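Summary of the model geometry
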Amino acid sequence: MKYILASAVALGFAATQPAPAFELASADIGEGATLAKAQVSNVFGCSGGNVSPALNWKNPPEGTRSYAVTLYDPDAPTGSGWWHWIVYDIPASATSLPSGAGDGKALPSGTVQGRNDAGMPAFMGACPPPGPAHRYVLTITALKVPKLDLPATASGAMIGFMIRANALASATITATYGQ
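Residues numbered from 1 in each chain as written. Predicted model: local features only at pLDDT ≥ 70, side-chain atom pairs only at ≥ 80, totals over all residues. Heavy atoms only, no water.

1. Describing the sheet that holds strand β7 (residues 134-143)
Spatially, 5 strands are ordered β6-β4-β3-β7-β8 in an open sheet, and the strand pairing comes out antiparallel. Both edges of this open sheet fall to β6 (112-113) and β8 (167-177), since each of them pairs with a single strand only. As judged from the 7 bridges shared by strand β3 (residues 66-73) and strand β4 (residues 82-91), these two strands associate in the antiparallel manner. Bridge pairing in β4 links Tyr-67 to Ile-90. Its contacts with the sheet place helix α2 (residues 156-165) against β3, β4, β7 and β8, and it is angled at close to 45 degrees to β4. (Pairing = 2+ DSSP bridges. Helix = DSSP H or I, 4+ residues; strand = E, 2+ residues; numbered from the N terminus. Contact = heavy atoms within 4.5 Å. Axes fitted to C-alpha atoms, helices over the stretch in contact; angles between N-to-C directions.)

2. Comments concerning the pairing of β7
Along any regular strand the residues' side chains alternate between the sheet's two faces. The buried count for β7 comes to 8 of 10 residues, which makes it a mostly enclosed element. Bridge count between β3 and β7: 7 bridges; the pairing is antiparallel. By the bridge assignment, Tyr-67 is partnered in β7 with Ala-142. Sheet topology places β7 next to β8; 10 bridges connect them, and they run antiparallel. Looking across to β8, one finds that Thr-139 is bridged to Thr-172. (Buried < 20%, exposed > 50% of the residue type's maximum accessible area, 1.4 Å probe, protein only.)

3. Observations regarding the sheet that holds strand β2 (residues 55-58)
With respect to topology, 3 strands assemble into an open sheet ordered β1-β2-β5, the strand pairing being antiparallel. If you trace the sheet from one side to the other, it starts and ends with β1 (23-25) and β5 (96-97), each paired once. The pairing of β1 with β2 spans 3 bridges and is classified as antiparallel. When the bridges of β2 are listed, Ala-25 appears paired with Asn-56.

4. Quick word on the nonpolar core
Counting residues in hydrophobic clusters, the biggest one holds 29 residues, and the most contacted among them are Trp-57, Val-69 and Leu-97. Secondary-structure elements contributing two or more residues to this core are β2, β3, β4, β7 and β8. Other than its neighbours up to four places away in sequence, Val-69 contacts Leu-55, Trp-85, Ile-86, Val-87, Ile-90, Leu-97, Leu-138, Thr-139 and Ile-140. Counting 11 residues, the second-largest nonpolar core is a separate cluster that includes Trp-83, Leu-143, Leu-150 and Ile-163. (Core = buried A, V, L, I, M, F, W, Y, C linked by side-chain atoms within 4.5 Å.)

Note that all results are geometric; they support no functional claim without further evidence.
This is the structure we're talking about:
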């Protein structure tokens, strides 16, 4: 065995460490935590701040050419969940989005906001109907393409399909909120 290892080293093969995991973090949303009032909607009878959370990420996989961020409620009583925020074509050089970027003013140049399920190209905070708390899955996906070729009217389902079709890796934070 020691001869095989010595031969591998002599041929230039070195033991490699696995790449660090792609990570998503937020000062505003914690894994398993309840969403703050700031991330609650200010429409549909809710009275929150409707502010998108600050996000930062690190350790993207090799070959990352852009990113997409989504906020999805799989528990919405629609039969297909609810897209609260869809952002794509985020440049590969980006490592964060500031709090409030969901209004579109602080997004990196070239970034696109898809229409949420309320029909707006913006962040829409949580506003579940009364009853059990819903899960809000915030995901960043590293993409192998610099841009997704989508029309401005693309649905959340179509954008989600294109994100998954071009995904290299993703990281999530799942929070909850109920009324």
